[in-house]
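# Tertiary structure, described
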Amino acid sequence: MEQNIESKLEFKSILTNFYNLNKKKIFLFIFILLVIIISIFFIKYNKDKKNILIAEKYIQAGVYLSLNKKDNAKILYEEIILSKNEFYSMLSLNIILEKNLISDKTKILSYFETLEKVVLDKNNADLIKLKKALFLIKESNIQNGKDLLNNLVKENSNLKNIAQEILKK
């Protein structure tokens with residue numbers, strides 16, 4: 001019994017000595033830990049807020065498009081693409097292509113390049129390559145389009161069969 005009390009007192013004194021010797025280091029560690037946690041929450045909050053703003057822009061652009069205000073819609077869709085949001089940028093480029101909002105071929109190709117840098121998912125990256133190939137073929141740049149399709153086939157993409165069908169035509 002006495003031995004148990006002595007070991008508790010000894011442990012307490014060791015802990016007190018450790019605290020007194022490393023007080024600054026302990027407070028610094030706690031401070032850094034709190035700063036990191038707060039920073040993580042702040043970054044997540046800003047990312048969510050930015051995503052909500054981009055979603056609202058996308059909806060607003062759709063409204064402009066339905067009201068036949070194509071110039072306003074085009075401006076918003078371009079802003080969304082340049083924001084480099086992986087989800088809404090792809091959707092915006094799709095709508096620009098479907099509705100022929102931009103006729104400048106080099107501008108559209110630059111948007112494809114922007115998306116290729118942003119998209120991290122392999123399936124989405126392959127989809128962008130396929131759409132770019134189809135766009136190039138449509139714009140009479142058949143060889144570059146076929147090269148992209150051949151790359152999809154060589155990479156054994158999920159879109160390999162579609163690329164092969166297009167190449168057969």
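Summary of the structure given here.

Definitions and limits used
- Residues numbered from 1 in each chain as written.
- Predicted model: local features only at pLDDT ≥ 70, side-chain atom pairs only at ≥ 80, totals over all residues.
- Heavy atoms only, no water.
- Salt bridge = Lys/Arg side-chain N within 4 Å of Asp/Glu carboxyl O.
- Helix = DSSP H or I, 4+ residues; strand = E, 2+ residues; numbered from the N terminus.
- Buried < 20%, exposed > 50% of the residue type's maximum accessible area, 1.4 Å probe, protein only.
- Phe/Tyr/Trp six-rings, centres within 6.5 Å; stacked < 30°, edge-to-face > 60°.

## Thoughts on the pattern of salt bridges
- Summed over all chains, the structure comprises eight salt bridges.
- Residues E79 and K57 are paired through a salt bridge, measuring 2.8 Å at the closest nitrogen-oxygen approach. Placement of E79 in helix α3 (residues 70–82) and of K57 in helix α2 (residues 23–66) is noted, with a sequence separation of 22 residues between them.
- Among the ionic pairs, E155 bridges to K129, the shortest N-O distance being 3.4 Å.

## Here we look at the environment of T114
- Tracing the backbone shows T114 in helix α5 (residues 105–118).
- With relative accessibility at 16%, the residue T114 sits in the buried group.
- A sequence separation of 30 residues divides T114 from K84, and the C-alpha atoms of the two residues are 7.4 Å apart.

## Here's the deal with the packing of aromatic side chains
- Counted according to the given criterion, the structure contains four aromatic pairs.
- Their ring planes at 50° and their centres at 5.5 Å tell us that Y58 and Y88 sit as a pair that is tilted. Of this pair, Y58 sits in helix α2 while Y88 sits in helix α4 (residues 86–98), placing them 30 residues apart in sequence.
- On the basis of relative accessible area, Y88 is assigned to the buried category, the value being 17%.
- Ring centres of F87 and Y88 lie 4.9 Å apart, and the angle between their planes is 85°; on these two criteria the pair is classed as edge-to-face.
- Connected via pairs of aromatic rings, a cluster forms that spans Y58, Y77, F87 and Y88.

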